[in-house]
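This is what each chain is made of:
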Amino acid sequence: MDERKAKALLEKYLAGEATPAEKEQVDQWFARLVETGEWQWQAGEQVQLQHQMEQQLLQKINDTQAPVRSLFARWRWAAAAVLIILSAGAAYLLMPGKRSTPQVAATQSRLGHDILPARQQVILTLADGSTRVLDTLSNGAISLQGIEAIKKDGSITYTGAPSETTVFNTITTEKGRTYRLQLSDGTKVWLDAESSIRFPAAFNAQERIVEVSGQAYFEVAAAKDSKGQKLPFSVTTDHQQVEVLGTHFNVNAYNQQNTLTTLLEGKVKVSGTAPGASLTLSPGQQAAGSNGKFTLNNEADIEEVMAWKNGKFQFNGSTVAQIMQQLSRWYSIDVVYKEEIGETFVAEMDRDLPLSQLLELLEMTKQVRFAVEGRKVVVMK
C-alpha cells in the first residue's frame, strides 16, 4: 500500500467512515505492533503518539510491498504518520476500541503560554480612502458612498447594478482572518489572511478587473457585454495577470517573485504585467512565476492549494520556513531561526488549533524543536 492510499485509509478510520473491512485492516496493523512487543500500553493510560510508533506503523504498512527503507533517510514518512493520524486536530492513539487525548497542560508549560489564531480585523476601504471595520457593521443592507451591499457575519455581497461611473472599494484581511465576498456580477471571492482585493463596487459593461495581494480563490460568474459577447474577468497582482471567462481558480501572490495560479475548473490565461510569454491553463494545472517567466506544473496538488479555504494547514514536502510563514500570518507571531532546518515535512492540521498543539505535532518528528517567548517562536534542531 502506497503513502497516499495509507493516508486516505487512516483518515477514513479517524472520521468514522471506514468500512468494516477497512477498520479490520487498521486494527490489524496496530494489533501486530502489540503482539510483537513493538508498541505497549497500560489499560486506561493516557498516551501521546511517539516517534517509535510512527516508524513501526509505516514499516508494517509497507513491509508486504518492498524492503523498508530507513525512515531517517526518508524521514518525511515519519512526519506523515504523525499528522495523518492527527489530522482530525487532536492526538489520538488508534487501537481497537480505544482513543486517548494528549496532555495539553504539559505542552503549554513547555511551549509557554498558548497562542490562538490572531482573529484580527477585516477592513473595508471606501473610494475616498476612509475605512470601516467590517466586523463592527451590523448585518443587513449597507449604503456607504454610493455602494449597495448586504453584510452577513463573515461575508459581504455587493448588489449594485452596472454603472458607467467606477467606484473602487478594497477589502483587506489582517492576520488570522479569512473573508468571503460576492462581487456585483455574482463572482464569489474568498480571501486568506493578510490579503486584499481592490474591485469596482459595480462593474461597467465593458470590463471586469480586480487587483489582488496575498491569496484569493475565485468562482467567476459568466457575464456578457453590451453587445452580448462574453465579458472577460481579469485578476492582476504586482507581477501577474490572469484572464478568465467563467472558472474556479486560486491565486497565491504572497511571494511576488513566484506568484502561483492554480486552475480547478474552466480555463485561464496567465501572463506577466510586462510583455512576455503567457500560459493557458487547463484544470489541475498551476503556473508559477512572474513577468512572463513561468513554469507549468501539470499535476498541481489541489488539496494543498485549497487547504486554507477549507480551514486546514496542509504541507506536502514543505520546509520549516514555508510552514512558519503560514503560521506567522495566521497566529500573528514573529519567527526566529536559531539553526537551519533542511528537512521537509508532510502534515495536515486544523487551522483553529492552539499554536502549541501544532508545534508539538511537528516536534514529534524529532527533526525540529520550538521555544515560545511571548509572540516570538524560536526554531531549533
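In case you missed it, the structure is sitting above this.
Residues numbered from 1 in each chain as written. Predicted model: local features only at pLDDT ≥ 70, side-chain atom pairs only at ≥ 80, totals over all residues. Heavy atoms only, no water.

### Quick look at the overall build of the protein chain
- Along its length, the protein chain carries 8 helices and 23 strands.
- Evaluated residue by residue, the protein chain yields a buried proportion of 48% over its 381 residues.
- For the protein chain, contacts bridging at least 24 residues in sequence account for 55% of all contacts bridging at least 6.
- Summing over all exposed atoms, the protein chain offers an accessible surface of approximately 17,800 Å²; the carbon and sulfur share of this is 47%. (Helix = DSSP H or I, 4+ residues; strand = E, 2+ residues; numbered from the N terminus. Buried < 20%, exposed > 50% of the residue type's maximum accessible area, 1.4 Å probe, protein only. Contact = heavy atoms within 4.5 Å. Areas by Shrake-Rupley, 256 points an atom, 1.4 Å probe, with all protein chains shown as cover.)

### Digging into unusual backbone geometry
- Positioned with a positive phi, E194 is a non-glycine residue whose angle comes to about 50 degrees.
- Looking at the element boundaries, E194 is found in the loop between strand 8 (188–191) and strand 9 (195–200).
- Given the relative accessible area of 36%, E194 is considered partly exposed.
- In this structure, S332 takes a positive phi of about 55 degrees despite not being glycine.
- Positionally, S332 belongs in the loop between helix 7 (320–331) and strand 20 (334–337).

### Quick word on helix 7
- Compared with the 16 Å implied by 1.5 Å per residue over 12 residues, the 16 Å span of helix 7 between its first and last C-alpha is a close match.
- Those residues of helix 7 not exposed but buried are V320, I323, M324, L327, S328, R329, W330 and Y331.
- Those residues of helix 7 that are buried lie in contact with strand 19 (312–319), strand 20, strand 21 (344–350), helix 8 (355–363), strand 22 (369–373) and strand 23 (376–380).
- S332 occupies a position one or two residues after helix 7 and carries a positive phi of about 55 degrees. (Expected span 1.5 Å × (residues − 1).)

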